[in-house]
Amino acid sequence: MKISELWLREIVSPDIDTESLTAQLTMAGLEVDSVKSVGKIAGAVVVGKILALRNHPASNKLSICDVQGLNGEISEVVCGAANLSIGMKIPFAQTGSILPENIKIERSSIRGIESHGMLCAQTELQLGDDNSGLWELPEDAQVGMLLADYLDLNDKILEIDLTPNRGDCLSITGLAREVGVLNKSYVKEIDCQPVEPTIEDKFQVVIESDACGRYVGRVIRGIDSSRKTPIWMQEKLRRSGLRCLSPIVDVTNYVMLELGQPMHAFDRSKLTDGIVVRMGENETLCLLDDTEILLDETTLVIADEHTPLAIAGIMGGKDSAVSETTDEIVLEAAWFNPIPIGSKARFFGKHTESSHRFERGVDSALQVAAMERATALVISICGGQAGPVVLQESSQNLPRLPKIKLQHANISKLLGIEIDFPIIEDI
């Protein structure tokens, strides 16, 4: 599991450095395998703005750009990217800056025209996988600001090797709890306040299998799927090893990383009637990765009244997936029994971020909180109106919290030291 140290410190931030933090986590049984810097750029790589464009006199594929950069200075840069446009904000590596692989940007002559710097794609900065053109930064990016400051690149990525029994730490908040206890530090609560419904739309939910203890769903209408995921969310996902796909999918992945609750979103227009959580009926489903599988009676599925929509806890179906034209969704969050999820993930060869968490045990009290958190994020990014939360559960199929009797006298007997009762309570 990869996490951003800065993201962790947003929730809990003890007065210790990175080295001490990683040593502490490792000694607590959460082994830190590696620590890597996020940014590998140096010097004047800034947020630039293209003020003017003109054709290169000696090439049909090159353009000459007037680019505003550090301290408002304007530089002439030759660029061959296809997505150039006036007013566009992009990463601008000015003369003297250094890119990954120790590439130093110097003034150069390109077909007889002097170029003072370089306009960059994500891959050239090793800050993403998009190599289709220049990296278009958001409108609110401050021109001339160092890119390292704008993206908070003074960060470390911690790769943590968790043992299977520590599914509770497969999230930023789970790790923050550990760090908080180890340092007696304040742990910030994530805002999961209820989002009041503004429409009455809802989907009926029926649970027909004891492998599902709780299912929570919600309709959100009037969303704009063409909007872009905020840069802060993109960066947190990227540093956690996840690609950005679309605002809706990014929100579900973000909540999974933040709280530990896997989620999924269906395009509501592609669903009929209600949601049914049931076992398979020897039917086929085309998954998001374009593979087609047979769902037999041992496979837990999410379906509507007519057709399967997803393998529960593992992967969604292609036909009900959200797209750039989706304007209404059904969000879901559920608690599934770990055993059938783990066995089917291995059987189908579909080890996903969701199945990884479900098979290790997701907190059975998280589902409603995750729904509220995801709803608020979707509306803040894509707009829309939320319907009421629909909750179905079977208490006998949910885990029961064990009661553990701890006798004070046994502590000193087993450990050989005396610990005051208030300290025991605090621990």
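Just above, that's the structure.
Residues numbered from 1 in each chain as written. Predicted model: local features only at pLDDT ≥ 70, side-chain atom pairs only at ≥ 80, totals over all residues. Heavy atoms only, no water.

### A closer look at the pattern of salt bridges
No. 1: What the rule picks out here adds up to 25 salt bridges.
No. 2: Between arginine 221 and aspartate 201 there is a salt bridge, with its nearest N and O atoms 3.1 Å apart. Within this pair, whereas arginine 221 is found in strand E14 (residues 212–221), its partner aspartate 201 is found in the loop between helix H5 (172–183) and strand E13 (205–207), the two being separated by 20 residues in sequence.
No. 3: In this structure, arginine 227 engages aspartate 224 in a salt bridge whose closest nitrogen and oxygen atoms are separated by 3.5 Å.
No. 4: Look at arginine 227 and you get partly exposed, because its relative accessible area is 39%. (Salt bridge = Lys/Arg side-chain N within 4 Å of Asp/Glu carboxyl O. Helix = DSSP H or I, 4+ residues; strand = E, 2+ residues; numbered from the N terminus. Buried < 20%, exposed > 50% of the residue type's maximum accessible area, 1.4 Å probe, protein only.)

### Considering the pairing of strand E3 (residues 45–55)
No. 1: In this sheet, strand E6 (residues 89–93) lies alongside E3 in antiparallel orientation, the contact comprising 5 bridges. Across the sheet, residue valine 45 finds its bridge partner in E6, namely alanine 93.
No. 2: Pairing of E3 with strand E4 (residues 63–68), which is carried by 6 bridges, proceeds in the antiparallel orientation. Looking at the pairing, leucine 53 lines up with cysteine 65 of E4. (Pairing = 2+ DSSP bridges.)

### Concerning the environment of tryptophan 7
No. 1: Assignment of secondary structure puts tryptophan 7 in helix H1 (residues 5–11).
No. 2: Separated by 57 residues in the primary sequence, tryptophan 7 and isoleucine 64 have C-alpha atoms spaced 39 Å apart.
No. 3: With sequence-adjacent residues up to four places away left out, tryptophan 7 is seen in contact with Ile172, Lys236, Ser240, Tyr254, Leu257 and Glu258. (Contact = heavy atoms within 4.5 Å.)

### Notes on the pairing of strand E12 (residues 156–161)
No. 1: Direction of pairing for strand E1 (residues 2–4) relative to E12: antiparallel, over a ladder of 3 bridges. The residue bridging isoleucine 3 from the neighbouring strand is leucine 158, located in E12.

### Let's talk about the sheet that holds E4
No. 1: Pairing in this open sheet of 5 strands is antiparallel, and the strands run E5-E4-E3-E6-E11 from one edge to the other. Edge strands, defined here as strands with exactly one partner in the open sheet, are strand E5 (74–79) and strand E11 (118–119).
No. 2: In terms of strand pairing, E4 meets E5 through 6 bridges, oriented antiparallel. Paired with valine 67 across the two strands is serine 75, which belongs to E5.

### Considerations on the sheet that holds E12
No. 1: Across the sheet, which stays open at both edges, the 3 strands sit in the order E1-E12-E2 with antiparallel pairing between neighbours. The strands lining the two open edges of the sheet, one partner per strand, are E1 and strand E2 (31–37). Neighbour-to-neighbour, the strand axes of this sheet turn through a mean angle of 25 degrees, independent of strand direction. (Axes fitted to C-alpha atoms, helices over the stretch in contact; angles between N-to-C directions.)

### Focus: the side chain of arginine 218
No. 1: Within the fold, arginine 218 resides in strand E14.
No. 2: In this structure the side chain of arginine 218 is engaged in a polar contact, spanning 2.9 Å, whose partner is the side chain of glutamate 372.
No. 3: Within polar-contact distance, the side chain of arginine 218 engages the backbone oxygen of glycine 387 at 2.6 Å. (Polar contact = N/O pair within 3.5 Å; in protein donor to acceptor, adjacent residues only side chain to side chain.)

### Looking at the packing of aromatic side chains
No. 1: Considering all chains together, one arrives at 4 aromatic pairs under this definition.
No. 2: Both rings, one in tryptophan 232 and one in tyrosine 254, keep their centres 5.5 Å apart while their planes meet at 80 degrees; by these two values the pair is edge-to-face. Here the residue tryptophan 232 occupies a position in helix H6 (residues 231–239), and tyrosine 254 occupies one in helix H7 (residues 247–259), the gap between them amounting to 22 residues.
No. 3: With relative accessibility at 40%, the residue tryptophan 232 sits in the partly exposed group.
No. 4: Joined through ring pairs, the aromatic side chains of Trp7, Trp232 and Tyr254 make up one cluster.
No. 5: The aromatic ring of phenylalanine 347 is capped on one face by lysine 344, whose charged end is 4.4 Å from the ring centroid. (Phe/Tyr/Trp six-rings, centres within 6.5 Å; stacked < 30°, edge-to-face > 60°. Lys NZ or Arg CZ within 6 Å of the ring centre and 35° of its normal.)

### Focus: the packing of H7 against helix H10 (residues 367–382)
No. 1: Relative to each other, H7 and H10 sit at 140 degrees, their axes nearing to 10 Å. Seen along the crossing, H7 lies across H10 with a hand that is right-handed. Here H7 contributes Pro247, Ile248, Val251, Tyr254, Val255, Glu258 and Leu259 to the contact with H10, which in turn contributes Ala369, Ala370, Arg373, Ala374, Leu377, Val378, Ile381 and Cys382. (Left-handed = near helix turned anticlockwise from the far one by under 90°.)

### A word on the side chain of serine 115
No. 1: Locating serine 115 in the fold gives a position in strand E10 (residues 113–115).
No. 2: A relative accessible area of 1% places serine 115 in the buried class.
No. 3: A distance of 3.4 Å separates a polar atom in the side chain of serine 115 from the backbone oxygen of glycine 117.
No. 4: Those residues within four positions of serine 115 in sequence are excluded, and the remaining contacts are Glu76, Val77, Val78, Glu106, Arg107, Ser108 and Ile110.

### Remarks on the nonpolar core
No. 1: The biggest cluster of nonpolar side chains holds 82 residues, and the ones touching the most others in it are Ile160, Tyr215, Phe266, Ile275, Ile302 and Phe336.
No. 2: In this view, isoleucine 275 contacts Phe203, Gln204, Val205, Val206, Tyr215, Phe266, Ile302, Ala303 and Leu309; residues no more than four positions away in its chain are not counted. (Core = buried A, V, L, I, M, F, W, Y, C linked by side-chain atoms within 4.5 Å.)

### Some details on H6
No. 1: With 7 of 9 residues buried, H6 is to be regarded as a mostly interior element.
No. 2: Among all positions of H6, only Ile231, Met233, Gln234, Glu235, Lys236, Leu237 and Arg239 are buried.
No. 3: Of the surrounding elements, those touching the buried residues of H6 are E1, H1, helix H4 (147–150), E12, H7 and H10.
No. 4: A positive phi of about 90 degrees marks glycine 241, the residue just after H6.

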